Amino acid sequence: MAPIDPHSFADDDEPMTEHVSLSLYLDFSRSVIRGTAVVTLSRPHAGRITLDARALEIAAVVRPDGGAPIPFELSYPPDPIKGQALSVNLTSPSSAFVIAFSTSPSSTALQWLTPAQTSTKALPFVYTQCQAIHARSVFPCQDTPSARIRYSARLNIPEPLSAAMAAARVRRRAPILGEAAPGCPDAAWCAAGRAVEEFHMVQPVPPYLFAFAAGEIRRREVGPRSCVYAEGTAETVAAAAAEFAGVEDMIVAGEALFGEYQWERFDLLVLPPSFPYGGMENPRMTFLTPTVIRGDGSGAQVVAHELAHSWTGNLITNKTNNDFWLNEGFTTYAERRIVEVVQGKERAALNMGIGWRGLNKEMERFKNRMEFTKLKTNQEGVDPDEIYSEVPYEKGFHFLWRIEREIGRFEFDIFLKKYIEKFKFQSVDTETFVEFLKDNVPGIEKRVDIETWVHGTGIPADAKEPESALYTKIVAMAERFNHPELAAVAEWQGQEWELYLENLPRPLQPSQVVDLDTCFGLAESKDWEVKVAFLDLAISSGCEQYLGMVEKALKEVGRMKYLRPLYSALLRGPCQDQGKILAHRVFAEARDSYHPIAQGVVQSILSKHL
Ligand code: BES
Ligand code: ZN
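Residues numbered from 1 in each chain as written. Chains lettered and ligands numbered in written order. Predicted model: local features only at pLDDT ≥ 70, side-chain atom pairs only at ≥ 80, totals over all residues. Heavy atoms only, no water.

Q: Explain the overall build of the protein to me, please; I cannot follow it from the model alone.
A: Check the secondary structure of the protein and you find 20 helices and 19 strands. Taking 610 residues into account, the globule formula puts the C-alpha radius of gyration at 25 Å, and the protein, at 24 Å, falls close to it. The principal-axis extent of the C-alpha atoms belonging to the protein is close to 75 × 60 × 50 Å. Within the protein, counting contacts between residues at least 6 apart in sequence, those at least 24 apart form 73% of the total. When the accessible surface of the protein is split by element, carbon and sulfur atoms take 52% of a total near 23,000 Å². Distance from the positive charge centre (63 side chains) to the negative charge centre (79 side chains) of the protein: 1 Å. (Helix = DSSP H or I, 4+ residues; strand = E, 2+ residues; numbered from the N terminus. Rg over C-alpha atoms; globule rule 2.2 N^0.38 Å. Contact = heavy atoms within 4.5 Å. Areas by Shrake-Rupley, 256 points an atom, 1.4 Å probe, with all protein chains shown as cover. Lys, Arg positive; Asp, Glu negative; His and termini not counted. Charge placed at Lys NZ, Arg CZ, Asp CG, Glu CD.)

Q: I would appreciate a short explanation of the site of ligand 1 in the present structure.
A: Taken together, 17 residues lie near ligand 1, and Gln131, Gly278, Glu281, Glu306 and Tyr393 sit nearest. At 2.6 Å from a nitrogen atom of ligand 1 is found a side-chain nitrogen or oxygen belonging to glutamate 281. Within the side chain of histidine 309, one N or O atom sits 2.9 Å away from an oxygen atom of ligand 1. Protein coverage of the free-state accessible area of ligand 1, which is 520 Å², stands at 90%. (Near = heavy atom within 4 Å. Polar contact = N/O pair within 3.5 Å; in protein donor to acceptor, adjacent residues only side chain to side chain.)

Q: In this structure, what is going on with the pattern of salt bridges? I would like to understand it.
A: Close approach of charged atoms allows side chains of opposite charge to pair. Using the criterion set out here, one finds 43 salt bridges in the structure. The closest approach of N and O atoms between arginine 136 and aspartate 143, which form a salt bridge, is 2.9 Å. On the accessibility criterion, aspartate 143 (2% relative accessible area) is buried. In this structure, a network of salt bridges that share partners links the residues Arg294, Asp527, Glu529, Arg559 and Lys561. (Salt bridge = Lys/Arg side-chain N within 4 Å of Asp/Glu carboxyl O. Buried < 20%, exposed > 50% of the residue type's maximum accessible area, 1.4 Å probe, protein only.)

Q: For this particular structure, what's the right way to read the packing of aromatic side chains?
A: Two numbers describe a pair of aromatic rings. These are the distance of the centres and the angle of the planes. Applying the stated criterion to the full structure yields 41 aromatic pairs. Centroid distance tryptophan 325 to phenylalanine 399: 5.6 Å. Interplanar angle 55°. Geometry classified as tilted. Of the two residues, tryptophan 325 sits in helix H5 (residues 324-343) while phenylalanine 399 sits in helix H7 (residues 391-407), which places them 74 residues apart along the sequence. The buried category is assigned to tryptophan 325, whose relative accessible area is 0%. (Phe/Tyr/Trp six-rings, centres within 6.5 Å; stacked < 30°, edge-to-face > 60°.)

Q: So what exactly am I meant to see when it comes to the sheet that holds strand S9 (residues 162-165) here?
A: Strands pair in a sheet through their backbones, by hydrogen bonds, and they do so in one of two ways: parallel or antiparallel. Across the sheet, which stays open at both edges, the four strands sit in the order S6-S7-S12-S9 with antiparallel pairing between neighbours. The open sheet has two edge strands with one neighbour each: strand S6 (110-113) and S9. With direction set aside, neighbouring strand axes in the sheet form an average angle of 10°. In this sheet, strand S12 (residues 212-215) lies alongside strand S7 (residues 125-128) in antiparallel orientation, the contact comprising two bridges. Bridge pairing in S12 places tyrosine 127 opposite alanine 213. (Pairing = 2+ DSSP bridges. Axes fitted to C-alpha atoms, helices over the stretch in contact; angles between N-to-C directions.)

Q: Please clarify how the sheet that holds strand S17 (residues 285-288) should be interpreted in this entry.
A: A sheet is described by the order of its strands in space; here five strands give the open sequence S13-S14-S15-S17-S16, paired in mixed fashion. Of all strands in the sheet, those bounded by a partner on one side alone are strand S13 (217-223) and strand S16 (279-280). Relative to S17, S16 runs antiparallel, the two sharing two bridges. Note on S17: the bridge partner recorded for glycine 279 is leucine 288.

Q: Just to check I follow, could you spell out the nonpolar core for this structure?
A: Nonpolar side chains in soluble globular proteins tend to be buried together. Phe97, Phe212, Phe433, Tyr500, Leu501 and Tyr567 are the most contacted members of the largest nonpolar core, which has 187 residues in total. The dominant element in this core, judged by the number of residues it contributes, is helix H16 (residues 528-540), at nine residues. Dropping the residues within four chain positions of it, phenylalanine 433 is found in contact with Trp325, Leu326, Phe330, Phe399, Leu400, Phe415 and Tyr419. Listed in part, the seven residues of the second largest apolar core include Leu359, Phe372, Val382 and Ile387. (Core = buried A, V, L, I, M, F, W, Y, C linked by side-chain atoms within 4.5 Å.)

Q: What's the story with the domain arrangement of the protein in this structure? I'm lost.
A: Put simply, an interface is often sized by how much accessible area is lost when its parts join up. By domain assignment, the protein separates into domain 1 (17-105 + 126-202), domain 2 (320-467) and domain 3 (475-607). The centre of domain 1, based on its C-alpha atoms, is set 42 Å off from the matching centre of domain 3. (Domains from an automatic or database assignment.)

Q: For this particular structure, what's the right way to read the side chain of threonine 108?
A: Relative to the assigned elements, threonine 108 resides in the loop between strand S5 (84-103) and S6. At 2.9 Å, the side chain of threonine 108 forms a polar contact with the side chain of arginine 54. Among residues more than four places away in sequence, those in contact with threonine 108 are Arg54, His134, Ser137, His595, Pro596 and Ile597.

Q: Before we go on, may I ask you to explain the coordination of the zinc ion (ligand 2) in this structure?
A: Think of it this way: four donors in a tetrahedron around the metal ideally sit 109.5 degrees apart, and six in an octahedron ideally sit 90 or 180 degrees apart. Of the protein atoms, only His305 (NE2), His309 (NE2), Glu328 (OE) and Glu328 (OE) coordinate the zinc ion (ligand 2), at distances of 1.9 to 2.7 Å. Coordination at the zinc ion (ligand 2) is irregular: its six donor atoms span angles of 52 to 158° at the metal. Here the donor residues for the zinc ion (ligand 2) map to a single chain with the spacing H-x3-H-x18-E. We note that histidine 305, like histidine 309, is buried. (Donors = N, O, S within 2.8 Å, 3.2 Å for Na, K, Ca; no water. Tetrahedral: all angles 85-135°; square planar, octahedral: opposite > 155°, others 65-115°.)

Q: Please clarify how the packing of helix H12 (residues 469-479) against helix H14 (residues 494-503) should be interpreted in this entry.
A: Between two packed helices, what matters for the description is the angle formed by their axes and the separation of those axes. Their axes nearest at 8 Å, the elements H12 and H14 cross at an angle of 40°. Handedness of the crossing formed by H12 with H14: right-handed. Between H12, through Leu470, Tyr471, Ile474, Val475, Met477, Ala478 and Glu479, and H14, the contact on the second element is made entirely by Glu496, Leu499, Tyr500 and Asn503. (Left-handed = near helix turned anticlockwise from the far one by under 90°.)

Q: What exactly am I supposed to notice about unusual backbone geometry here?
A: Most peptide bonds take the trans configuration, and most residues that are not glycine carry a negative phi. A cis amide bond links glutamine 131 to the next residue, alanine 132, at an omega of 5°. Relative to the helices and strands, alanine 132 is located in the loop between S7 and strand S8 (149-158). Proline 507 follows arginine 506 through a cis peptide bond whose omega is -10°. With respect to the helices and strands, the residue proline 507 is situated in the loop between H14 and helix H15 (510-520). Even without a glycine there, the phi angle at serine 31 is positive, about 55°. With respect to the helices and strands, serine 31 occurs in the loop between strand S1 (17-27) and strand S2 (32-53).

Q: Would you mind going over the packing of H5 against H7 with me for this structure?
A: The geometry of H5 relative to H7 is characterised by a closest axis approach of 7 Å and an angle of 65° between their N-to-C directions. Considering only the axes of H5 and H7, their crossing is right-handed. Here Phe324, Trp325, Glu328, Gly329, Phe330, Thr332, Tyr333, Arg336 and Arg337 of H5 lie close against H7, whose contacting residues are Pro392, Tyr393, Glu394, Gly396, Phe397, Phe399, Leu400, Trp401 and Glu404. In the contact of H5 with H7, the residues fall into ten nonpolar, three polar and five charged. (Nonpolar A, V, L, I, M, F, W, Y, C, P; charged D, E, K, R; others polar.)

Shown next, in the form of structure tokens:
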């Protein structure tokens, strides 16, 4: 009788779900899904079985054979972080039951876009973002990454739309009478103008990797096992396809480093600009923000990262969010190894430099909450979206790099392959990794202070500042505020600009900021990293003339990497009063266009500066 995960009501005495079969009716007019879930357990069970739910209505729980009702209960009031426990009381030994449920418009995983909010303006769009703990707001489940579930799904959508899913497509067909009972009446399911798309996921995956989108989606092939899908016109898809032309080279590089690619396909789905992350590693189909399409192939880093999760994260999964570094630290390490192969050592080193800077900034952010500067964290009572940071990514990367430097890359590569082979399709915790490391690299604990790396706060003394000639040069230029020469910056990509702008002494004279913009067109940059780094600098330097552009930017994108610094700069910057009023007004106006996760994060930034 103990919870297995601080973010889930699932209980270790109860069997885990092995398979779920979902029938989902997407009701765009009401922004809800009506669905049924046939849950199959790993063994027959009598008594209570506890699932997670958030903002769900449960219409009934019934037996799969004959539909006799099964008693159930939803805990009340909802826990602000975990949501509600759905306790199903299996009165006789059973290994399957059916839940009829519906989502609500306040589901935290789903964003429903009206036609006006899409790029073609013609049809509505919906998509999911389930990591960290939002799958439970789409369907009731044991929403912990320690669970691994196979599933099948039937999405009932309006005929003009198509569906995409992080699973294998089976077929598109007409709805069949009776197939969705008891959750959704046949009259709706089989109404004229509806179509059903079927998918299945045969490999067991943690629930946070459940993902779909539906809308006006087009696709284009970019490699032997990759297509780009995008919401929008044929031009949008063409631009995306050009950006990701190198994807097969990356997969090949990944396989050479980490072993065979296990997911058959690696497709990319480019979402509307409100997508709250840069990328999300949904299996077989990575979800991406359109802001990575810059026309110069620099979106490759995000793709390398999400691809790397195919081994680290999706094959081997963190057991709970306390071990989140096992997902993101390993993936950051793997991403940089792939980048090194396809873009060269200098680019990988620059990324390491940028990451190092980010890690040091996080130490400042968490100086009063040092728990979250540890690799192994205790997230009891903590919302994972609230403490999301670069620490698991960059400190995790540095821990692995430290081990690599100690035993040499040749040995470390052998170790990594062995680790992946041993634990593939399993969810593991930090202790399991450390034990495996000690068993396979005897004596490692005498050479690397594993205890301090895993359980200590801050950045360990034996972490090494990455060396990148380009990084050092740009930072030095910025710190002395050397105006970049046109010739020197001709080759600069977004990352170089970002690094330069972020390292300029603050505040600058407003005239210096304007001068930079006049020379290099930074505020109008097509590269969002550059635009946001510049606008952040402008706000911090009190340049009121840029507030209009800040407002425009905050209404155009919903990627949290951009929302966080811009809202924070408005609240903290020298034009504080004006900034504060602007931040609150813009949020009130833009809120509905953000994904619910981003809404929550911005809300919490604003409430800290009341
Ligand atoms: N899995 C993460 C995104 C995520 C983390 C979503 C936690 C929800 C909760 C993804 O792989 C990621 O790290 N994306 C980065 C990409 C970057 C590191 C290249 C992002 O979105 O910025
Ligand atoms: Zn990641």
